Amino acid sequence: MTIWLSLCGAILFVAYLLGSIPTGYIAVKLLKGIDIREVGSGSTGATNVLRTLGKGPGAFVLVVDCLKGILAIFLVYWLFNFDGSQTLIPSTVNSQLWQPWIITLVGLAAVLGHSKSIFLGFSGGKSVATSLGILLAMNWQVALATAGVFGVVVAISRIVSLSSICGAVAVSIFMILLNQPLPYILFGVVAGLYVILRHRSNIERLLAGTEPKLGQNLQLKTEMLGIHSESNN
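Residues numbered from 1 in each chain as written. Predicted model: local features only at pLDDT ≥ 70, side-chain atom pairs only at ≥ 80, totals over all residues. Heavy atoms only, no water.

As annotated in an unreviewed UniProt entry, the protein carries the name Glycerol-3-phosphate acyltransferase and comes from Iningainema tapete BLCC-T55. The UniProt entry for the protein carries the following text under Subunit (unreviewed entry): "Probably interacts with PlsX." According to the UniProt record, the Pathway (unreviewed entry) comment for the protein is "Lipid metabolism; phospholipid metabolism." (UniProt positions renumbered as here; feature names shortened; annotations may be inferred.)

Colleague: What is the right way to look at the UniProt feature "transmembrane region" (unreviewed entry) in the protein in this model?
Modeller: In the numbering used here, UniProt assigns the feature "transmembrane region" (unreviewed entry) to residues 59-80, 101-122, 128-152, 159-176 and 182-197. Secondary structure over residues 101-122 splits into 68% helix and 0% strand, and the C-alpha atoms at its two ends are 25 Å apart. Measuring from the first to the last C-alpha atom of residues 128-152 gives 16 Å, for a span that is 96% helix and 0% strand. (Helix = DSSP H or I, 4+ residues; strand = E, 2+ residues; numbered from the N terminus.)

Colleague: What is the right way to look at a nonpolar patch on the surface in this model?
Modeller: Together, Ile 21, Ile 26, Leu 30, Leu 31, Ile 118, Phe 119 and Phe 122 give the surface a local cluster of nonpolar side chains, amounting to about 730 Å² of exposed area. Counting through the fold element by element, Ile 21 comes out in the loop between α1 (2-20) and α2 (23-32). What makes Ile 21 partly exposed here is its relative accessible area of 36%. (Patch = residues over 30% accessible without salt bridge, like charges linked within 9 Å, V, L, I, M, F, W, Y side chains within 5 Å. Areas by Shrake-Rupley, 256 points an atom, 1.4 Å probe, with all protein chains shown as cover. Salt bridge = Lys/Arg side-chain N within 4 Å of Asp/Glu carboxyl O. Buried < 20%, exposed > 50% of the residue type's maximum accessible area, 1.4 Å probe, protein only.)

Colleague: Even after reading the chapter, I still don't get the packing of α2 against helix α3 (residues 46-53), so can you show me in this structure?
Modeller: Working note: a packed helix pair is described by the angle between its axes plus the distance between those axes. Where α2 meets α3, the closest approach of the two axes is 10 Å, and the angle between their N-to-C directions is 15°. The orientation of α2 with respect to α3, classified from their angle, is roughly parallel. For the crossing formed where α2 meets α3, the hand is left-handed. In contact with Gly 24, Ala 27, Val 28, Leu 31 and Lys 32 of α2, α3 contributes Val 49, Thr 52 and Leu 53. Counted by class, the contact of α2 with α3 contains five nonpolar, two polar and one charged residues. (Axes fitted to C-alpha atoms, helices over the stretch in contact; angles between N-to-C directions. Parallel < 35°, antiparallel > 145°, perpendicular 65-115°, else oblique. Left-handed = near helix turned anticlockwise from the far one by under 90°. Contact = heavy atoms within 4.5 Å. Nonpolar A, V, L, I, M, F, W, Y, C, P; charged D, E, K, R; others polar.)

Colleague: Can you help me understand unusual backbone geometry in this one?
Modeller: A negative phi angle is the norm for most residues apart from glycine, just as the trans form is the norm for most peptide bonds. You will see that Phe 122, though not glycine, has its phi angle at about 65°, which is positive. One can find Phe 122 in the loop between α5 (95-115) and α6 (128-138). In this model, Ser 127 sits at a positive phi of 75°, which is unusual for a non-glycine residue. For Ser 127, the position within the fold is in the loop between α5 and α6. Taking relative accessible area as the criterion, Ser 127 reaches 1% and is therefore assigned buried.

Below, the structure written as structure tokens:
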């Protein structure tokens, strides 16, 4: 059992390291030679890369960050389902009971890694794309439903942060509606709340009316509203 617990701990650490890979930071550094944390919102996520480098690099970062979450969960699937020799799992371990809980913990580790990367002094992105990858590996119906909410809100509002927050709220609802295991529901609640907390500055800008829409630069939007405010005084 000690070896089994150590193995679970190792997978959790690997999941955190996977989440910590700073895709957006690396892409912007290689292509533009700047630190993306000093540009726009300061996030290393796909949305800030989109504003900094354009659609192609933004889409690339989105896909890779999503794949990080998928790979983290598939490590658990490998442990439980692809161990042909059955030497890694003790006979006393109830796989049906353990697997959902370990998947949940591994998912949370990857989410934490993306936003608190060990490679960037514990800074990072908002964990939206990595969370989507985790959801795809957990239950693709929940993932697609959540992505659908994101898509509808972004189509109406053209504001990515608002769409991400709505998706973070919706994921727990879809987990319950689709009768997911308790650990998955808890993942939806905890990860959803964490994503919302990571959007604190965005929420402040949403309330102030300064949050940029797609295709709009954050700094320019703030400056324009500042000029407008001054002209009214």
